[in-house]
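Tertiary structure, described
Here is how the chains run, residue by residue.
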Amino acid sequence: MSEADRESQFRQMRDTTLEIFRHALAEASIAKAFARHAHCERGVLQLCEDLYHLPAYSRLLVVSIGKAGHTMVETLTQQVGESALEGIVASSVEPSAQVRGFRYFRGGHPTPNAESIYAANAIRKALDAQTASSLVIFLISGGGSSIVEKPIDDEISLDDLIATYRTLVHSGAPIAEINTIRKHLSAVKGGRLAQAAFPAQQVSLLVSDVPANTPDALASGPTMPDSTGVEDCYRIAEEHGLLPQLPHSTRELFERRALEETPKSDDQAFHRSRWWTILSNQTAVEQASAATERAGFTVHVDNSCDDWDYERAAEYLLKRLRELRRESGRVCLISGGEVTVKVTNGGVGGRNQQFALTCAARIAGGNITVLSAGTDGVDGNSPAAGAVVDGTTVERAQLRGLDAGRALKEFDAYPFFSALGDAIETGPTGNNLRDLRILLAY
């Protein structure tokens, strides 16, 4: 194969992986999820397996929290009718348009801001006003932990709250462990919004960006019984050496072992509550798999490296891909979930770009293409969703005077990929189903 043909092949495979990712985003959309799981006819709202006769309720309140907050409200109002709903939306981006009857807040992500606290106070106040004849519909998506927040202790200032979040986000701990601590430091997480809404009837629709076996980790579980406890918090803090990095107001709660327990499944707040996951990472994985098969690849799915360190995940997935290639000439390995990165003095990037850049050095010269990207369209502190690499990435970078090793070491992957034209920039998608890694061998 000539050099020109080889370069054409690599370019085609980069385009193929991008098409697979974009197809998965389009098919795993909130609009399609609501079309499958939500219907309203003659005043009867069907949400998954449950029916709600809307005229029977004295008040209908909708609380939408997370990166998909706007999309979920807009889609629900299309089903039910705008005039029937009122409520609060808290997301990390500005809405393209506002739905009548809703108050809007733009909370911070990945760390809270003043609007996060304003949103929490407004939501608590609205929920406190509900009665047993009210129906509260919670629309919960990823990012909600920081977008809506109120410290459990008034001594924790906004600056201390932000510092605490930064410590947790950069700790390298899995998201479920991070959210375990968030729950016990918050007046709105770990089931506490459900307590505030009691005695109203409650239903939560979940667009999940957490592992399937820990649904109460989504947005730190504001409406669900908490499966974790204060002892878990103390253990996690010790295992990751968090206490020296926490601000005094937060640290002293740990030192005094003064964290308060969150509501569990026997709490009365959950007696009239239901929860349905209508969209998850599994949907995105399935759609990516279907698109890859249509592109002529033998597809394998392996999600076992979910929440692994990015270097360990890269080594494992590339080894598995090479093993699979011995059985099939054109093979694809798809992996859902997230990898972890412990950042020290980082530049501009995120876990997906860090993972991709780690793979680039390991596949140099080989017929392998790797894409890693977030379904929310945002990777870390960069404007990209992720990046795509292949056997030519390191060589192309050298020709441009770019240092892959330095970018990797300094957690500064975005400028590197942007210069190569291999950063994936979708903009915020209005959805959040964790990450997709697509590895092709040919």
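These figures come from a predicted structure and were not determined experimentally. (Residues numbered from 1 in each chain as written. Predicted model: local features only at pLDDT ≥ 70, side-chain atom pairs only at ≥ 80, totals over all residues. Heavy atoms only, no water.)

Considerations on the nonpolar core
One broad rule of soluble globular proteins: the nonpolar side chains tend to lie buried together. With 56 residues, the main nonpolar core has Phe34, Ile137 and Leu139 as its most contacted residues. Broken down by element, this core gets its largest block of residues, six residues, from helix α1 (residues 3–27). Excluding anything up to four places from it in sequence, Phe34 contacts Met72, Thr75, Leu76, Gln79, Leu139, Leu205 and Ile278. Core analysis: the next-biggest nonpolar cluster, separate from the first, contains 37 residues, Tyr310, Ala397, Ala407 and Phe417 among them. (Core = buried A, V, L, I, M, F, W, Y, C linked by side-chain atoms within 4.5 Å. Buried < 20%, exposed > 50% of the residue type's maximum accessible area, 1.4 Å probe, protein only. Helix = DSSP H or I, 4+ residues; strand = E, 2+ residues; numbered from the N terminus. Contact = heavy atoms within 4.5 Å.)

Let's talk about the sheet that holds strand β2 (residues 44–47)
Judged by pairing direction, the sheet is antiparallel, and its three strands sit side by side in the order β1-β2-β3 without closing on themselves. Every other strand in the sheet has two partners, leaving β1 (38–41) and β3 (50–53) as the edge strands with one partner each. The sheet shows a mean angle of 15° between the axes of neighbouring strands, direction not considered. Helix α2 (residues 30–37) rests against β1 and β2 of the sheet, and its axis sits at about 55° to β1. (Pairing = 2+ DSSP bridges. Axes fitted to C-alpha atoms, helices over the stretch in contact; angles between N-to-C directions.)

Regarding the packing of aromatic side chains
Under the criterion given, the structure shown has five aromatic pairs. Seen from their ring centres, Phe270 and Trp275 are 6.1 Å apart, and the 55° between their planes marks the pair as tilted. Ring geometry for Phe416 and Phe417: centres 5.3 Å apart, planes at 85°, overall edge-to-face. Residue Phe416 shares its accessibility class with Phe417, and that shared class is buried. (Phe/Tyr/Trp six-rings, centres within 6.5 Å; stacked < 30°, edge-to-face > 60°.)

Here we look at the pattern of salt bridges
Pairing between side chains becomes possible if they bear opposite charge and their charged atoms approach one another. Applying the stated criterion across every chain, the model contains 28 salt bridges. Among the salt bridges present, the one from Arg434 reaches Asp306, with a minimum N-O distance of 2.7 Å. One end of the pair, Arg434, is in the loop between β14 (423–424) and β15 (435–441); the other, Asp306, is in the loop between β10 (298–301) and α12 (310–325), with 128 residues separating them in the sequence. Where salt bridges share partners, they join Glu7, Arg11, Arg14, Asp390, Arg396 and Asp422 into one cluster. (Salt bridge = Lys/Arg side-chain N within 4 Å of Asp/Glu carboxyl O.)

The analysis is restricted to geometry; functional conclusions fall outside its scope.
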